Amino acid sequence: MTDDVRVGPLDLAAHVDEALAVQAVAFGLGPDEVGVRRHIVVRHMTSPGARALGATTGDGRLVGFVYGMPNDRAHWWSTIVEPYLRHTGRDGWLDGSFVITELHVHPDFQARGIGRALITSLTDTATEPRSILSAIDIESPARGLYRSLGYVDLAEQVHFPSAPRPYAVMGAPLPLTRG
């Protein structure tokens, strides 16, 4: 990771607009989708065990963030992915898992180890024995990062309502693989 970026705790509810600005650029979101996600992020941060980290430059600019929480089968995400995981015989991953809900790094700061530092720092404090997440189901730098950390595909071609592309659900034992 570059010396000019620091990873540390982030009050995501207080910095939701800065974080979503990063996500909008990194993920190609329009204003309407950012508005919807704003409410989701603020609600998620009230969930038990939810926590966030940010990557900031020396002048205080937020250039990346990650947040997650212990999985709850009653959460929307779990209700969507559960049938796909059940079909592959892996729905047990929904129990005892820490979910990486979002991880985004501004494109100008990608490929510098920031995403790796964010996700490993967040999962290092998890008390759950494993982590799960979803990623767009294409071979991408993000999927490569997750695989290098020990994540494996648990289900592919997962369709979320209103998402234009299918996702893969990935899981890894904690702590994540280093190097």
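Provided above is the structure to which this section pertains.
No experiment lies behind these values; they were computed from the predicted model shown.

Asker: So what exactly am I meant to see when it comes to the pairing of strand β3 (residues 62-70) here?
Answerer: Consecutive residues of a regular strand have side chains that alternate between opposite faces of the sheet. Burial analysis of β3 places eight of its nine residues in the buried class, which makes it a mostly covered element. Where strand β2 (residues 51-57) and β3 come together, six bridges link them in antiparallel fashion. The residue of β3 that forms the bridge with Arg51 is Gly68. Linking β2 back to β3 in an antiparallel pair, the connection comprises four residues, with Gly60 at a positive phi of about 90°.

Asker: Looking at this structure, I do not really get the pattern of salt bridges. What am I missing?
Answerer: Where charged atoms of side chains with opposite charge meet at close range, the side chains can pair. The tally for this structure, following the rule as stated, stands at 10 salt bridges. A salt bridge links Asp137 to Arg143; its shortest N-O distance comes to 3.0 Å. We note that Asp137, like Arg143, is buried. Overlapping salt bridges bring together Asp137, Glu139, Arg143, Arg147 and Asp153 as one network.

Asker: Help me out: how do you make sense of the packing of aromatic side chains in this one?
Answerer: Centre distance and the angle of the planes are the two values used to describe a pair of aromatic rings. Applying the stated criterion across every chain, the model contains three aromatic pairs. Ring plane angle 65° and centroid distance 5.8 Å describe the contact between Tyr146 and Tyr151, whose orientation is recorded as edge-to-face. With a relative accessible area of 7%, Tyr146 lands in the buried category. Note on Phe160 and Tyr167: the rings are 5.2 Å apart at their centroids and 85° apart in plane angle, and the pair reads as edge-to-face. Members of the aromatic cluster, each reached through a chain of ring pairs, are Trp76, Phe160 and Tyr167.

Asker: Teacher, can you tell me more about unusual backbone geometry here?
Answerer: Note: most peptide bonds trans; most residues except glycine with negative phi. A cis amide bond links Leu174 to the next residue, Pro175, at an omega of 0°. Of note, Pro175 is situated in the segment after β7 (167-173). Non-glycine residue Ala111 carries a positive phi angle of around 65°. Its place among the elements puts Ala111 in the loop between β4 (97-105) and α4 (114-123).

Asker: Just to check I follow, could you spell out the sheet that holds β3 for this structure?
Answerer: The pairing of strands in a sheet comes from backbone hydrogen bonds and takes either a parallel or an antiparallel form. Read across the sheet, seven strands follow the order β1-β2-β3-β4-β5-β7-β6 without closing on themselves; strand pairing throughout is mixed. Two strands close off the open sheet at either side, each with one partner strand: β1 (5-9) and β6 (152-158). The sheet shows a mean angle of 20° between the axes of neighbouring strands, taken without regard to direction. Pairing of β4 with strand β5 (residues 130-136), which is carried by four bridges, proceeds in the parallel orientation. Across the sheet, the residue bridging to Ser97 is Arg130, located in β5.

What counts as what
Residues numbered from 1 in each chain as written. Predicted model: local features only at pLDDT ≥ 70, side-chain atom pairs only at ≥ 80, totals over all residues. Heavy atoms only, no water. Buried < 20%, exposed > 50% of the residue type's maximum accessible area, 1.4 Å probe, protein only. Helix = DSSP H or I, 4+ residues; strand = E, 2+ residues; numbered from the N terminus. Pairing = 2+ DSSP bridges. Salt bridge = Lys/Arg side-chain N within 4 Å of Asp/Glu carboxyl O. Phe/Tyr/Trp six-rings, centres within 6.5 Å; stacked < 30°, edge-to-face > 60°. Axes fitted to C-alpha atoms, helices over the stretch in contact; angles between N-to-C directions.

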